Number of protein chains: 2
Amino acid sequence: MNFEFYNPTRLIFGAGNLKRLGKEVKRIGRRALLVTGGGSVKRNGIFDRAVASLEREGITWVECAGIEPNPRITSVARGAQLVRDEKCEVVIALGGGSTMDASKVIGAAALYDGEPWDLIGHGQQDWVIPTETLPVVTVPTLAATGSEMNCGAVISNDETKIKSFVQTEALYPAVALVDPELTLTVPKDQTAYGICDIIVHVTEAYFNGIDDTPVQDRFAEGVILNTIDYGKRALADGNDLEARTHLQWASILALNGFMAAGMNPAGFPVHMIEHAISAHHDITHGAGLAIVNPAWMRFAAKVRPAKFVQFGERIFNLKPKGSDDMDCALAGIDAYEAFLKSIGCPTRLSALGIGDELFTRYAEDSALVLRDEDGNLLGRPTMSKQDIVEVLRSAL
Amino acid sequence: MNFEFYNPTRLIFGAGNLKRLGKEVKRIGRRALLVTGGGSVKRNGIFDRAVASLEREGITWVECAGIEPNPRITSVARGAQLVRDEKCEVVIALGGGSTMDASKVIGAAALYDGEPWDLIGHGQQDWVIPTETLPVVTVPTLAATGSEMNCGAVISNDETKIKSFVQTEALYPAVALVDPELTLTVPKDQTAYGICDIIVHVTEAYFNGIDDTPVQDRFAEGVILNTIDYGKRALADGNDLEARTHLQWASILALNGFMAAGMNPAGFPVHMIEHAISAHHDITHGAGLAIVNPAWMRFAAKVRPAKFVQFGERIFNLKPKGSDDMDCALAGIDAYEAFLKSIGCPTRLSALGIGDELFTRYAEDSALVLRDEDGNLLGRPTMSKQDIVEVLRSAL
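Residues numbered from 1 in each chain as written. Chains lettered and ligands numbered in written order. Predicted model: local features only at pLDDT ≥ 70, side-chain atom pairs only at ≥ 80, totals over all residues. Heavy atoms only, no water.

Turning to chain A, the UniProt annotation filed under Sequence similarities (unreviewed entry) states: "Belongs to the iron-containing alcohol dehydrogenase family." (UniProt positions renumbered as here; feature names shortened; annotations may be inferred.)

Rendered as structure tokens:
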């Protein structure tokens, strides 16, 4: 067990925190770029409350609105230009994962002279990995990506139809100001996709990690169990603040690096495959994951049944006959897929109108960055292009 | 659930890491104060290997040897003076919790003009809480205090017989370079006290935290279960590197703030009571905790039985009749005490030759810092002086 863990983001967590925004930003800068998405924060009043908090502290701001659900590099470029033109000192992300991811790369791109797309890994020879950024404050309005307290960002290039990522220490937000009240108005479908996103962040580390990580396993299972329990409650009553709070906390735990510390996952294959698909179809990330994850799990269980048996036993209370009980492993995956269905997630590509026309392209794009020397997609096990196509075919 | 979490220490974890010391220190400074304890690192060769790694990278060093098991403020003052005289740029702690704690305060005291004891909270009117420090690199040789990756330090004043603490953001080590191989030579008794220390760090947060922290509970229970399992293995065979590795990881998890994030413990009463005792008797912290913790648990279980029932159920597989099953709560505490005994920890004051002569003094000193307006010791529940005396009496 050899690993490094470093996460300097200051997490400020709790209902009612939005009103602290101005005070927290003031420690960092006096002029902010306020990054927002499609406009929901305007409709539900969160934007006005954020602005009021900033103005109370004398912080001036300019807005970079309209970040897409799958944020585009063109929007990042627009934000970075605004930072330069308006001499912003801090970037505030007010929105979901896409807004937060875009803000991180805006912060880095504003200090970089070349094309912002250079900063995103997409198989290029010279990946310019950011080493500095403007300070970023994340204010999530959705429990899903965990982007608020990690150093990753996923960005799409609409021209090349590549959706890929950057993950590097410079991109840790300075502050994650998390107020679960802001998620009370999230509609059912987005809540469900968020639940799926959280769980897949956990399962990627859990199923692709090294053997013998007993504490981390318990921690991961705790996050999944909690996400299922409180996810159901949040879906039954969107205004259940306790449920929203635990769901938000789970989303952070799932991907801030601590749960997986020491697991050393060999890859994040389900994410890589989903990114390749949503680059072409602009589907919600969590919905795409709901389709790919069970299909991938059935593929991976054949190679490493014991971990899937453990999953079925500890998450769905199945009673395995032994650690190689493949029936139990598959029954656990079925139960998981049934849960996803029950909360309204799609579990087949056809449900989103996606056919097999581009399967080869998805398979190629999945392994642009996290690949071995032979070009196989990293994970446990590694996947050839043919493996990826077969997994996708099983999810048609 | 409202809380803040911030821990910027870079954790580098894994067997064989000692050889990286020079490289990691080189990023921070060129001249080091090397802080050590009673000499075990000299006898087992760890010191020479550390020095060789530093010198390979051209780092010069001076040693501050002889930090006591309960580190004294006079040693801190000596270290701070060495830093100034020798113009050190970085402090390296090579040893157990006492060496690490001393190093943290040396780093702060070197930049402070007044008396180092001003920096330690002990009920004074003007506690000078450190806001800056020389960078500190911790290299633990014992799995116990978790000091390698947190911002706390416990220091004793031999003159006033007060042992107290400081805990503040400035004291986070820059780097925790953790190499479980360094713990292979730890003798049985110190291994056992370390096991106890780890578990008590968890139980303090677990039993004094807020209600309804389901994920954190599972995480805490996972750390305890692992500590018991791998602790037994490390005691059976000190050279079991896998067991030592998991034990070391548990010690970090128990007290780096992440497990307890959102638990918001009302206090750390068992620690406060133990500190008051060991200020007078210079006993090993973990041994003192083994005596105080079960006695405190029996006291606290009366007020909050459900959490103790959960402890008995999840740690010792007891079958409670309900969440208020006091027999189960007490049986769990008995099982825990029996475990401590089985690994060679003392569980009675008399085993260390400590009588009731100073009980009133311990009770007063326990509540010097973490106390409510009426002077009661903070925790769930708060404790009057009389409560503390009664708990101690039950542990005679």
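Engineer: Any details on the domain arrangement of chain A? Residues and values, ideally.
Structural biologist: Residues and elements named next belong to chain A. Each domain of chain A was delimited in the assignment, giving domain 1 (10-183) and domain 2 (188-394). Each of domain 1 and domain 2 has a C-alpha centre, and these two points are 26 Å apart. At the junction of the two partners, domain 1 supplies 29 residues and domain 2 supplies 29 residues. Summing both partners gives a buried area of about 2400 Å² for domain 1 against domain 2, and 61% of it is carried by carbon and sulfur. Area buried by domain 1 at its contact with domain 2 is led by Ala143, Lys161 and Lys163, which between them contribute 21% of it. Counting the contacts that link domain 1 with domain 2 gives 1 salt bridge. For the salt bridge of Glu274 with Lys163, the shortest nitrogen-to-oxygen distance reads 3.7 Å. Our count for the domain 1 to domain 2 interface comes out at 8 residue pairs in polar contact (both at pLDDT 80 or more). For the side of domain 1 that touches domain 2, the secondary structure elements donating two or more residues are strand 1 (3-13) and strand 7 (162-167). (Domains from an automatic or database assignment. Contact = heavy atoms within 4.5 Å. Buried area = accessible area lost by both parts, 1.4 Å probe. Salt bridge = Lys/Arg side-chain N within 4 Å of Asp/Glu carboxyl O. Polar contact = N/O pair within 3.5 Å; in protein donor to acceptor, adjacent residues only side chain to side chain. Helix = DSSP H or I, 4+ residues; strand = E, 2+ residues; numbered from the N terminus.)

Engineer: Report on the relation of the copies chain B and chain A, specifying residues and quantitative values.
Structural biologist: When chain B is fitted to chain A, the residual RMSD is 0.0 Å, and the transformation amounts to a turn of 180° plus an axial shift of 0.0 Å. The transformation just described matches what one would write down for a two-fold rotation axis. Across chain B, the smallest distance between a C-alpha and the rotation axis is recorded for Pro8 of chain B, namely 2.1 Å. Comparing contact sets, 100% of the residues at the interface of chain B also lie at the interface in chain A, consistent with an isologous, same-surface contact. (Least-squares fit on C-alpha atoms with pLDDT ≥ 70 in both.)

Engineer: Please give an account of the pairing of strand 8 (residues 175-178) of chain B that cites residues and values.
Structural biologist: All names here are of chain B. Side chains Val175 and Leu177 of strand 8 all project onto a buried face; the interleaved residues Ala176 and Val178 project onto the opposite face, where all are buried too. Here 4 bridges tie strand 1 (residues 3-13) to strand 8, and the two strands are oriented parallel to one another. Each bridged residue has a counterpart across the sheet, and for Phe13 the counterpart in strand 8 is Val178. Both strand 5 (residues 136-140) and strand 8 contribute to a ladder of 2 bridges, which runs parallel. Within the sheet, the bridge partner assigned to Thr138 lies in strand 8 and is Ala176. (Buried < 20%, exposed > 50% of the residue type's maximum accessible area, 1.4 Å probe, protein only. Pairing = 2+ DSSP bridges.)

Engineer: Run through the environment of Glu86 of chain A, naming residues and quoting values.
Structural biologist: Residues and elements named next belong to chain A. Along the chain, the position of Glu86 falls in helix 4 (residues 73-86). Separated by 25 residues in sequence, Glu86 and Trp61 place their C-alpha atoms 8.9 Å apart. Ignoring sequence-local partners within four residues, the contact set of Glu86 consists of Arg31 and Val62.

Engineer: Account for the interface of chain B and chain A, with residues named and values stated.
Structural biologist: Accessible area lost when the parts come together is the quantity often used to give the size of an interface. Each side of the interface is counted separately: chain B has 36 residues, and chain A has 36 residues. Where chain B packs against chain A, one counts 6 salt bridges. Notably, a salt bridge pairs Arg20 of chain A with Glu4 of chain B, separated by 3.6 Å at the nearest N-O pair. Linking chain B with chain A are 8 residue pairs in polar contact (both at pLDDT 80 or more), by the criterion used here. Sheet topology note: the strand 1 of chain A/strand 1 of chain B ladder contains 7 bridges and is antiparallel. Residue Phe13 of chain A lies in a different strand from strand 1 of chain B, and its bridge partner there is Phe3 of chain B.

Engineer: Can you tell me about the nonpolar core, naming the residues and giving the values?
Structural biologist: Ranked by internal contacts, the top residues of the largest apolar core, which has 169 residues, are Leu11, Val223 and Trp296 of chain A together with Leu11, Val223 and Trp296 of chain B. Those residues in contact with Trp296 of chain A that sit more than four places away from it in its chain are Phe207, Asn208, Pro269, Val270, Phe308, Arg380, Met383 and Val391 of chain A. (Core = buried A, V, L, I, M, F, W, Y, C linked by side-chain atoms within 4.5 Å.)

Engineer: Describe the UniProt feature "domain: Fe-containing alcohol dehydrogenase-like C-terminal" (unreviewed entry) in chain A, with residues and values.
Structural biologist: Per the UniProt record, the feature "domain: Fe-containing alcohol dehydrogenase-like C-terminal" (unreviewed entry) sits at residues 191-395 of chain A. As a span, residues 191-395 of chain A carries 65% helix and 0% strand, and end to end its C-alpha atoms are 23 Å apart.

Engineer: Quick one: what's the story with the UniProt feature "domain: Alcohol dehydrogenase iron-type/glycerol dehydrogenase GldA" (unreviewed entry) in chain A, residue by residue and with numbers?
Structural biologist: Taken from the UniProt record, the annotation "domain: Alcohol dehydrogenase iron-type/glycerol dehydrogenase GldA" (unreviewed entry) applies to residues 8-180 of chain A. With 28% helix and 25% strand, residues 8-180 of chain A has its two end C-alpha atoms placed 21 Å apart.

Engineer: Would you mind going over the side chain of Thr191 of chain B in detail, with residue names and values included?
Structural biologist: Residues and elements named next belong to chain B. On the secondary structure map, Thr191 appears in helix 6 (residues 188-208). Note on Thr191: relative accessible area 4%, which makes it buried. When residues no more than four places from it in sequence are discounted, the contact partners of Thr191 are Val186, Ala234, Leu235, Arg244 and Leu247.

Engineer: Can you explain the packing of aromatic side chains? Please cite residues and give values.
Structural biologist: Enumeration over the complete set of coordinates arrives at 38 aromatic pairs over all chains. Ring centres of Trp296 of chain A and Phe308 of chain A lie 6.4 Å apart, and the angle between their planes is 50°; on these two criteria the pair is classed as tilted. Residue Trp296 of chain A is found in helix 10 (residues 285-301), and its partner Phe308 of chain A is found in helix 11 (residues 305-316); the two are separated by 12 residues along the sequence. The exposure classification of Trp296 of chain A matches that of Phe308 of chain A, with both residues buried. One aromatic cluster in this structure is built from Phe3, Phe5, Phe13, Phe219, Trp249 and Phe258 of chain A together with Phe3, Phe5, Phe13, Phe219, Trp249 and Phe258 of chain B. Of note, Arg10 of chain A hangs over the ring of Tyr6 of chain B, and the distance from its end group to the ring centre comes to 4.2 Å. (Phe/Tyr/Trp six-rings, centres within 6.5 Å; stacked < 30°, edge-to-face > 60°. Lys NZ or Arg CZ within 6 Å of the ring centre and 35° of its normal.)

Engineer: Lay out the pattern of salt bridges in plain terms, naming residues and giving numbers.
Structural biologist: Under the criterion given, the structure shown has 44 salt bridges over all chains. In this structure, the salt-bridge partner of Glu24 of chain A is Arg27 of chain A, at a minimum N-O distance of 3.2 Å. A salt bridge links Arg233 of chain B to Asp240 of chain B; its shortest N-O distance comes to 3.0 Å. We classify Asp240 of chain B as buried; its relative accessible area is 15%. Three or more residues joined by partner-sharing salt bridges are found here, namely Glu4 and Glu169 of chain A together with Arg10, Arg20, Glu24 and Arg27 of chain B.

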